Amino acid sequence: MHKTVLLTLLVVLSPAAHADLRVFACEPEWRALAEEIGGDLVSADSATTALQDPHYIQARPSLISKLRRADLLICSGADLEIGWLPQLLSKANNPAVRPGQPGWFEASSFVERLDVPGRVDRARGDMHPQGNPHVQGNPHNITRIAEALAERMAQLDPDGAAQYRESALDFLSRWRQAIDAWEERAAGLRGQRVIPHHKSWVYLQDWLGLEELATLEPVPGVPPTAAHLGELLHVLGDAGDGADVIIRAPYQSDKASKWLSERTGIPAVMLPLTVGGSDGATDLFGLYEDILDRLLEAVP
Ligand SMILES: [Zn+2]
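The present account deals with the structure reproduced in this document. All values reported here derive from a predicted model rather than from experimental measurement. (Residues numbered from 1 in each chain as written. Predicted model: local features only at pLDDT ≥ 70, side-chain atom pairs only at ≥ 80, totals over all residues. Heavy atoms only, no water.)

## A word on the pairing of strand 3 (residues 72–75)
Part 1 of the argument: Of the two faces of strand 3, the one lined by Leu-72 and Ile-74 and the one lined by Leu-73 and Cys-75 are each fully buried.
Part 2 of the argument: Of the pairings in the sheet, the one linking strand 1 (residues 21–25) to strand 3 comprises 3 bridges and is parallel in character. Following the sheet pairing, Phe-24 is matched in strand 3 by Leu-73.
Part 3 of the argument: Inspection of the sheet shows strand 3 paired to strand 4 (residues 104–106) by 3 bridges, in the parallel sense. The residue of strand 4 that forms the bridge with Ile-74 is Phe-105. (Buried < 20%, exposed > 50% of the residue type's maximum accessible area, 1.4 Å probe, protein only. Helix = DSSP H or I, 4+ residues; strand = E, 2+ residues; numbered from the N terminus. Pairing = 2+ DSSP bridges.)

Laid out in structure tokens, this is it:
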């Protein structure tokens, strides 16, 4: 009898009984990064999948209960989630993950934001008033965010601090090697002229030296219109020699990119915007690998 009690106590008090750091990620790339750094110390969920537009989702009850139990919220921020996160936070009523708390981690605040507008005209529908939120397009941004995230996890879960820092060092060493290899592969893409559907790729363009000629959306967040596409066709000319590739994300309709591609001969390609967006994008490494595979195939 005494032996049983002692054994039970040992099991309860042993390090294996360490409670998980519960991570609520707004987008799959941050769930993937949390798992790279947190390993078996974290349990992570993502509010959106790679096949959903992160600007728009429903605040489902299952998400509210996950957010209520979360220790750490990781989102791109810069108003990417403005359409659904405030409502979710209010319903979840979890003080630990409110803005300004250690449990609130806004990934885009750790990198240099691009497209910060001088003057925002919300009436025209511009949905990037804090600068462009799609920061995962540049793997160097992931480096900075990973460093900050490891420190945040160590702060929230001091027992695991050494492990978070060690995992981050291991991840970053593999990550820097991967970036070197990607930059070598992508050297030929420099100067290619792209037409993305939405302004989802400004950080990728900045990284690879791609030139954005126009977007299929007339303004970020406003779906392509016949008038805008007609104008693009007019400017590009029937020969289509004014651009090299049209880009869309998996959750965007291919109608507009197909329409323009068929009339101009400019190749249209789907690129995964985050982990899970294609068969190859199984983790953060696969994401960039697959983006480059697809771009290099479209633009030989
Ligand atoms: Zn956007």
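## A look at the coordination of the zinc ion
Part 1 of the argument: Surrounding the zinc ion are the protein donor atoms His-55 (NE2), His-128 (NE2), His-134 (NE2) and His-198 (NE2), which sit 2.0 to 2.1 Å from the metal.
Part 2 of the argument: Relative to the metal, the 4 donor atoms surrounding the zinc ion lie at angles of 100 to 125 degrees, and the coordination shape comes out tetrahedral.
Part 3 of the argument: Spacing between the donor residues of the zinc ion along the chain follows H-x72-H-x5-H-x63-H. Linking His-128 in the loop between strand 4 and helix 5 (139–156) with His-198 in the loop between strand 5 (193–196) and helix 7 (202–208), this pair joins segments that are 70 residues apart in sequence. (Donors = N, O, S within 2.8 Å, 3.2 Å for Na, K, Ca; no water. Tetrahedral: all angles 85-135°; square planar, octahedral: opposite > 155°, others 65-115°.)

## Notes on the side chain of Ser-278
Part 1 of the argument: Examined against the element boundaries, Ser-278 turns out to sit in the loop between strand 8 (268–270) and helix 10 (284–298).
Part 2 of the argument: Assessed through its relative accessible area of 11%, Ser-278 is described here as buried.
Part 3 of the argument: A distance of 2.5 Å separates polar atoms of two side chains, one belonging to Ser-278 and the other to Asp-290.
Part 4 of the argument: Here Ser-278 is in contact with Pro-272, Asp-290 and Arg-294, once residues within four sequence places are set aside. (Polar contact = N/O pair within 3.5 Å; in protein donor to acceptor, adjacent residues only side chain to side chain. Contact = heavy atoms within 4.5 Å.)

## A closer look at the packing of aromatic side chains
Ring pairs (aromatic) are described by centroid distance and by the angle formed between their planes.
Part 1 of the argument: Tallying each qualifying case throughout the model produces 8 aromatic pairs.
Part 2 of the argument: For the pair Phe-171 and Trp-175, a centre-to-centre distance of 5.2 Å together with 25 degrees between the ring planes defines the contact as stacked. Separated by 4 residues within a single helix, Phe-171 and Trp-175 lie in helix 6 (residues 161–185), roughly one turn from each other.
Part 3 of the argument: On the basis of relative accessible area, Phe-171 is assigned to the buried category, the value being 0%.
Part 4 of the argument: Owing to a relative accessible area of 0%, Trp-175 belongs among the buried residues under this scheme.
Part 5 of the argument: Pairing Trp-175 with Trp-182 gives two aromatic rings, centres 5.3 Å apart and planes at 80 degrees, and the pair type is edge-to-face. For the pair Trp-175 and Trp-182, a shared accessibility class is recorded, and that class is buried.
Part 6 of the argument: One aromatic cluster in this structure is built from Phe-171, Trp-175, Trp-182, Trp-207, Phe-285 and Tyr-288. (Phe/Tyr/Trp six-rings, centres within 6.5 Å; stacked < 30°, edge-to-face > 60°.)

## Side note on helix 2 (residues 28–38)
Part 1 of the argument: The element helix 2 is extensively covered by neighbouring structure, given that 8 of its 11 residues are classed as buried.
Part 2 of the argument: Here helix 2 has its buried residues at Pro-28, Glu-29, Trp-30, Ala-32, Leu-33, Ala-34, Ile-37 and Gly-38.
Part 3 of the argument: Summarising the contacts, the buried residues of helix 2 are in contact with strand 1, strand 2 (42–46), strand 3, helix 5, helix 6 and helix 10.

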